[in-house]
Each structure stands twice: as structure tokens, then as C-alpha cells.
Amino acid sequence: MALTDPLGDMLTRIRNGQQAKKDSVVTPASKLRTRVLDVLQREGYIRGYTDEQVGGHDGIRIELKYFEGRPAIQHVSRVSKPGRRVYSGSKELPRVRNGLGIMIVSTPKGVLSDAEARDQNVGGEVLAEVF
């Protein structure tokens, strides 16, 4: 079965893994997923990730992060979906929880957090919201 929203699938795997108190989750590999995981790692929401073979296909093992028994990611949701794309300029990027969370943005300069996009003065497609 083909996935219509691979990024949404990865975010759901992370959400479900943390609810089940898993140490890590595995998702199929893609460049976009890797770039989003880079942002999550830079911002401290996951411990890291490694490439791995899963059933003859490339996969990514995501090491989940917890703080005092609670997941580091309290909320993760997809903003721009295949049926409704959401774009934002650098000045209009919304702040998540007064700066406590991040928006992940796909820009011409790569996949960035909202703070990095504001610093570089670039906008783009708002992929996800994390706090």
C-alpha cells in the first residue's frame, strides 16, 4: 500500500512510540524524513537516529528522548498536508507556545526550524508543529 503522507506517518510513529514508552522506532528512509530528524535532533527533541536495513529496504531507527519519565515531545502534529498545503513567509511564521515549541519549515535553504528560518529571512512550507 502506498503512503500518501510519508512525513505524517513518521510523526505518528514517533508519537505512538513515545506513548508506548519505546526506546526507539523504525521508519522507512527518505531525504525529507532525514532532514526533519536533523531539525528535531538539533532542537533536542530526539536523542538521534541511525540508518538501518529493514526487510531489504533502507530504514531509519529513531532514538526517542525522555525527561524524568515524560516524553521530550509533548505534542507533534502535521500542519501542511497533501490535501492542503500551508505556506508562510519569514515574518508571518507563527510562534509555538510563545517560543517553547518549534515549527519545522521546508525552505529553499533546506528544512529549518522557525527560529532558523526567521534568522535567515526565508519562508516556505510549514511541515509540522512540535512542543
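Note that the coordinates shown come from a computational prediction; the quantities given were computed from them, not determined experimentally.

Thresholds, definitions, all that
- Residues numbered from 1 in each chain as written.
- Predicted model: local features only at pLDDT ≥ 70, side-chain atom pairs only at ≥ 80, totals over all residues.
- Heavy atoms only, no water.
- Helix = DSSP H or I, 4+ residues; strand = E, 2+ residues; numbered from the N terminus.
- Rg over C-alpha atoms; globule rule 2.2 N^0.38 Å.
- Buried < 20%, exposed > 50% of the residue type's maximum accessible area, 1.4 Å probe, protein only.
- Pairing = 2+ DSSP bridges.
- Axes fitted to C-alpha atoms, helices over the stretch in contact; angles between N-to-C directions.
- Parallel < 35°, antiparallel > 145°, perpendicular 65-115°, else oblique.
- Left-handed = near helix turned anticlockwise from the far one by under 90°.
- Contact = heavy atoms within 4.5 Å.
- Nonpolar A, V, L, I, M, F, W, Y, C, P; charged D, E, K, R; others polar.
- Salt bridge = Lys/Arg side-chain N within 4 Å of Asp/Glu carboxyl O.
- Core = buried A, V, L, I, M, F, W, Y, C linked by side-chain atoms within 4.5 Å.
- Expected span 1.5 Å × (residues − 1).

This paragraph deals with the overall build of the protein chain. Each helix and strand counted, the protein chain has 3 helices and 10 strands in total. Traced from its N-terminal end to its C-terminal end, the protein chain shows the element sequence α-β-α-β-β-β-β-β-β-β-β-α-β. Relative to a compact globule of 131 residues, whose C-alpha radius of gyration would be 14 Å, the protein chain shows 14 Å and is just as compact. In the protein chain, which comprises 131 residues, the share counted as buried stands at 42%.

Turning next to the pairing of strand β2 (residues 46–54). Strand direction decides the pairing type here: β2 and strand β3 (residues 57–64), joined by 8 bridges, are antiparallel. From the neighbouring strand, Q53 faces β3, where its bridge partner is D58. The loop that links β2 with its antiparallel partner β3 comprises 2 residues; one of these, G55, has a positive phi angle of about 60°.

In this section: the packing of helix α1 (residues 6–19) against helix α2 (residues 31–42). Viewed as axis vectors pointing N to C, α1 and α2 meet at an angle of 45°, and their least axial separation amounts to 10 Å. When the axis of α1 is compared with that of α2, the two are oblique. Between α1 and α2 lies a crossing whose hand is right-handed. The residues of α2 that touch α1, namely those facing P6, L7, D9, M10 and I14, are L32, R33, V36, L37 and L40. Tallied by class, the residues present in the contact of α1 with α2 amount to 8 nonpolar, no polar and 2 charged.

This next bit is on the pattern of salt bridges. Note on pairing: side chains with opposite charge can pair once their charged atoms come close. In this structure the tally under the stated criterion is 8 salt bridges. R61 is the salt-bridge partner of E52, the closest N and O atoms lying 2.9 Å from each other. According to the relative accessible area criterion, E52 is partly exposed, its value standing at 25%. Linking R85 and E125 is a salt bridge whose minimum nitrogen-to-oxygen distance equals 3.0 Å. One end of the pair, R85, is in the loop between β6 (76–78) and β7 (87–88); the other, E125, is in strand β10 (residues 124–130), with 40 residues separating them in the sequence. Classification of R85 by relative accessible area gives partly exposed; the value is 42%.

Time to look at the nonpolar core. Residues I14, L40, I62 and I104 are the most contacted members of the largest nonpolar core, which totals 22 residues. Within the residue set of this core, elements represented by two or more residues are α1, α2, β3, β8 (102–107) and β10. For I104, the residues in contact, after removing those within four places along its chain, are V36, V39, L40, V111, L112, E125, V126, L127, A128 and V130.

It is worth spelling out α2 at this point. With 12 residues, α2 should cover 16 Å at 1.5 Å per step; its first-to-last C-alpha distance of 17 Å lies within 8% of that length. By the burial criterion, the buried members of α2 are R33, T34, V36, L37, V39 and L40. Backbone geometry just downstream of α2 places G44 in the positive-phi region, at approximately 85°.

Here the focus is the sheet that holds β2. Sheet strands associate in pairs through backbone hydrogen bonding, adopting either a parallel or an antiparallel arrangement. Read across the sheet, 3 strands follow the order β1-β3-β2 without closing on themselves; strand pairing throughout is antiparallel. A strand with exactly one partner marks an edge of an open sheet, and here the two such strands are β1 (24–28) and β2. Direction aside, neighbouring strands of the sheet carry axes that sit 25° apart on average. Pairing of β1 with β3 involves 5 bridges; the strand directions are antiparallel. Bridge pairing links V26 to R61 in β3. Contacts between α1 and the sheet are confined to β1 and β3, with β1 contributing the most and set at about 165° to the helix. Set on the sheet, α2 makes contact with β1, β2 and β3; between it and β2 the angle comes to about 155°.

Everything listed here is a matter of geometry and, on its own, says nothing about what the molecule does.
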